[in-house]
Amino acid sequence: MVTVRSPISLQRGRSHVVVTGALTGLLLSVCTPAALAASVPDVPPRGSAYMGMGVVAHDGRGGDDDATDTVNRTTQTEGVDVSSYQRDVGWSGLWRDGVRWAYTKATEGTSYKNPYFTQQYNGPYGIGMVRGAYHFATPDTSGGTAQADYFVDHGGGWSKDGKTLPGALDIEWNPYGGSCYGKSKSAMTGWIRDFLNRYRSRTGRAAVIYTATSWWTECTGNYSGFGASNPLWIARYASSAGTLPSGWSTYTMWQYTSAGKTVGDHDRFNGAEDRLKALAKG
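Okay, so let's go over this structure.

Thresholds, definitions, all that
Residues numbered from 1 in each chain as written. Predicted model: local features only at pLDDT ≥ 70, side-chain atom pairs only at ≥ 80, totals over all residues. Heavy atoms only, no water. Helix = DSSP H or I, 4+ residues; strand = E, 2+ residues; numbered from the N terminus. Buried < 20%, exposed > 50% of the residue type's maximum accessible area, 1.4 Å probe, protein only. Contact = heavy atoms within 4.5 Å. Areas by Shrake-Rupley, 256 points an atom, 1.4 Å probe, with all protein chains shown as cover. Core = buried A, V, L, I, M, F, W, Y, C linked by side-chain atoms within 4.5 Å. Salt bridge = Lys/Arg side-chain N within 4 Å of Asp/Glu carboxyl O.

**Some details on the overall build of the protein**
Within the protein, the secondary structure is distributed over eight helices and 13 strands. The buried share among the 282 residues of the protein stands at 49%. Pairs at least 24 residues apart make up 65% of the contacts formed inside the protein by residues separated by at least 6 positions. Summed over its atoms, the accessible surface of the protein is roughly 12,900 Å², and 51% of this surface lies on carbon and sulfur atoms.

Shown next, in the form of structure tokens:
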């Protein structure tokens, strides 16, 4: 609270500031602890994270046609990724727009399941798209092995039907706290390794790694040990995918914008549709 009186003086208190001046009796309610707390953005609730949430906060949103200048659309295949934020998705409209593959958020940590998963996961499959599921990693809440089990047990599995892609690990900036989830570079690398090893032992497939180069460098020390086995899904909202994390000479998928003209973030598979189906088949 600010109280304006006469003559001029300034006094600070724990919960208010009293200013004495020429306008006697004027009361203005500002800067109380409650008001200050209300002005600070709330931390999002657990489970609300989506693929690229940290990338948007760190690098910005990007534009509708950021990838147009340097990518030949005839050599890459358009895709989308969705989460509960999109609710029920109009898959037929996306198909008409040329989208041929989709990833759906299945889980987060070991306690969150996407309530729209069934519609979002079965919808693209039914219309002819290749589909996959992803897990939003929270390495500060439980181990990599436990989160891989939770993912596989709640929609993140794989089947050799030529239309189901291997699961993806979404590992990026922490929307709930510090960027690296309180882990050292070596501990983060170990967490990721535990997740990937468990996923492979459960499904027989190497999981896709979704990340951004700057996060990977900051939080793993630009670790290079996964490039030989795990496909890379790079996030960069610009006219090219840019510098890749160490260990990968090329990307398999590229999330090039979170501001697409149709629902969801938009992505490119680095190859024609027959190569996409080959990845799904394993």
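**Here we look at the nonpolar core**
By size, the foremost hydrophobic cluster in this structure holds 57 residues, and its most contacted members are Trp101, Tyr103, Leu165, Ile171, Ile192, Trp233 and Met253. Top contributing element to this core by residue count: helix α6 (residues 185-203), with six residues. With eight residues, the next largest nonpolar core counts Val89, Leu94, Val99 and Met129 among its residues.

**Description of the pattern of salt bridges**
Taken as a whole, this structure holds seven salt bridges when the rule is applied. In this structure, Arg198 and Asp149 form a salt bridge, with 2.8 Å as the shortest nitrogen-oxygen distance. Taken together, the positions of Arg198 in helix α6 and Asp149 in helix α5 (residues 144-153) put the pair 49 residues apart, joining distant regions of the chain. Across the pair Arg202 and Asp153 runs a salt bridge, and its minimum N-O distance is 2.7 Å.

That's the geometry; what it means functionally is another story.
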